Amino acid sequence: MKTSSKGVRLICEFEGFRTKAYLDPVGIPTIGYGFTEGVALGDTMTQYAAQQRMGRELVKYERGVSAACKVPPNQNQFDALVCFAWNVGVAGMSSSSVIKAYNRGDMPSAARAFALWNKAGGKVFAGLTRRRAAEAALFLEPVAGGLSESTEGPVLAMP
């Protein structure tokens, strides 16, 4: 399964785009749409380069979500889980209360569990609270006709 344009937009909305590397709230060098791997302060990135990198990196998160889900999610659940994993990492998502509830088949509990992940460095962040609410809302949103929007390659509809 691949992330739909709706999922990509959600990631981009909450990550924002930064051309220059900066320290995130817990001191990790970050650039572009929330990239951290191989990033050093002083690095710069164009939006085109960030879009290309996102297309490559999404695969890791999509595979992580697919591996963590005992039953294939619908497109909206998948997109919400990829957005969540993009922010907390594949390991964090895989061991989270969100995925545990999902795998039990308890979708309301899974949606509520997103809200537990609103801290960075032990501190609650309003942006993370808003992000988790948006992820939970997408997770619970029915898919029109029950069909997936995207099944081939990432759809990079950047804002």
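See the structure above.
About the cut-offs
- Position numbers for residues start from 1 in each chain and track the written sequence from start to end.
- The predicted nature of this model means local features are confined to residues of pLDDT at least 70 and side-chain atom pairs, given and counted, to a pLDDT of 80 or more, with totals for whole chains, interfaces and linings taken over all residues.
- Only heavy atoms go into the side-chain values, all of them from the structure, while hydrogens and water stay out.
- The way it works is that DSSP assigns letters per residue, a run of H or I at least four long becomes a helix, a run of E at least two long becomes a strand, and they are numbered from the N terminus.
- Only protein chains enter the calculation, and the probe is 1.4 Å; a residue is then buried if its accessible area is under 20% of its type maximum, exposed if over 50%, and partly exposed in between.
- Residue contacts are defined here by distance: any two heavy atoms, one from each residue, within 4.5 Å place the two residues in contact.
- Only centres within 6.5 Å qualify two rings of Phe, Tyr or Trp (six-membered ring in Trp) as a pair; their planes then separate them into stacked at under 30 degrees, edge-to-face at over 60, and tilted for everything else.
- Both a distance and an angle decide whether a charge sits over a ring: NZ of Lys or CZ of Arg must be within 6 Å of the ring centre and within 35 degrees of the ring normal.
- Two strands qualify as a pair provided DSSP detects at least 2 bridges between them.
- Between the N-to-C directions of two axes lies an angle of 0 to 180 degrees, each axis being a line fitted to C-alpha atoms and, for a helix, fitted only over the stretch in contact.
- For this classification, under 35 degrees means roughly parallel, over 145 means roughly antiparallel, 65 to 115 means roughly perpendicular, and everything else is oblique.
- Working rule for handedness: look at the near helix, and if it is turned counterclockwise from the far one by less than a right angle, call the crossing left-handed; if clockwise, right-handed.
- Here the nonpolar group is Ala, Val, Leu, Ile, Met, Phe, Trp, Tyr, Cys and Pro; Asp, Glu, Lys and Arg are the charged ones; every other residue, Gly included, is treated as polar.
- By definition here, a salt bridge exists when the distance from a side-chain nitrogen of Lys or Arg to a carboxyl oxygen of Asp or Glu is within 4 Å.

What to know about the environment of L81
Okay, step 1: Looking at the secondary structure, you find L81 in helix α3 (residues 75–94).
Okay, step 2: Take L81: its relative accessible area is 0%, and that puts it in the buried class.
Okay, step 3: Beyond its immediate chain neighbours, meaning those up to four positions away, L81 contacts V65, C69, M93, V98, I99, F114 and F139.

Overview of the packing of aromatic side chains
Okay, step 1: With the rule as written, the count across this model stands at 7 aromatic pairs.
Okay, step 2: Centroid distance F35 to W86: 5.9 Å. Interplanar angle 65 degrees. Geometry classified as edge-to-face. Of this pair, F35 sits in the loop between β2 (29–32) and α2 (47–68) while W86 sits in helix α3, and the two are 51 residues apart along the sequence. By the burial criterion, F35 is buried, and W86 matches it.
Okay, step 3: One residue, R18, lies across the ring of Y22, its end atom 3.9 Å from the ring centre.
Okay, step 4: Here the guanidinium or amino end of K123 rests over the ring plane of F125, the centre of that ring lying 5.3 Å away.

With respect to the pairing of β2
Put simply, side chains in a regular strand alternate between the two faces of the sheet.
Okay, step 1: Examined bridge by bridge, strand β1 (residues 18–23) and β2 share 3 bridges and lie antiparallel to one another. When the sheet's bridge partners are listed, Y22 is paired in β2 with T30.

Description of the packing of helix α1 (residues 5–15) against α3
Okay, step 1: The contact between α1 and α3 brings their axes to 9 Å, and the two run at 30 degrees. It follows that α1 is roughly parallel to α3 by the angle criterion. Crossing of α1 against α3: the hand is right-handed. Between α1 and α3, the contacting residues are K6, G7, L10, I11 and E15 on the first element and N76, D79, V82, C83, W86 and N87 on the second.
Okay, step 2: Taken together, the residues of the contact of α1 with α3 break down into 5 nonpolar, 3 polar and 3 charged.

Some words on the environment of A68
Okay, step 1: Note that A68 resides in helix α2.
Okay, step 2: Exposure remark for A68: the relative accessible area of 14% places this residue in the buried category.
Okay, step 3: If sequence neighbours within four positions are ignored, A68 has contacts with M93, S94, I99 and N103.

Here we look at the environment of N76
Okay, step 1: Relative to the assigned elements, N76 resides in helix α3.
Okay, step 2: With 59 residues separating them in the primary sequence, N76 and E135 have C-alpha atoms 9.2 Å apart.
Okay, step 3: Discounting chain neighbours no more than four positions away, the residues touching N76 are K6, L138, F139, E141, P142 and V143.

Brief notes about the packing of α1 against helix α6 (residues 126–140)
Okay, step 1: The contact between α1 and α6 brings their axes to 10 Å, and the two run at 170 degrees. By the angle class used here, α1 and α6 are roughly antiparallel. Where α1 abuts α6, its residues K6, L10, F14 and E15 lie against G127, R130, R131, A134, E135 and L138.
Okay, step 2: Each residue belonging to the contact of α1 with α6 can be placed in one class, and the counts come to 4 nonpolar, 1 polar and 5 charged.

Overview of the pattern of salt bridges
Okay, step 1: The tally for this structure, following the rule as stated, stands at 8 salt bridges.
Okay, step 2: A salt bridge links E37 to K60; its shortest N-O distance comes to 3.5 Å. Of the two residues, E37 is situated in the loop between β2 and α2 and K60 in helix α2; the sequence distance between them amounts to 23 residues.
Okay, step 3: Accessibility expressed as a relative area gives 55% for E37, which makes it exposed.
Okay, step 4: In this structure, R104 and D106 form a salt bridge, with 4.0 Å as the shortest nitrogen-oxygen distance.
Okay, step 5: Look at R104 and you get exposed, because its relative accessible area is 57%.
Okay, step 6: For D106, a relative accessible area of 26% translates into the label partly exposed.

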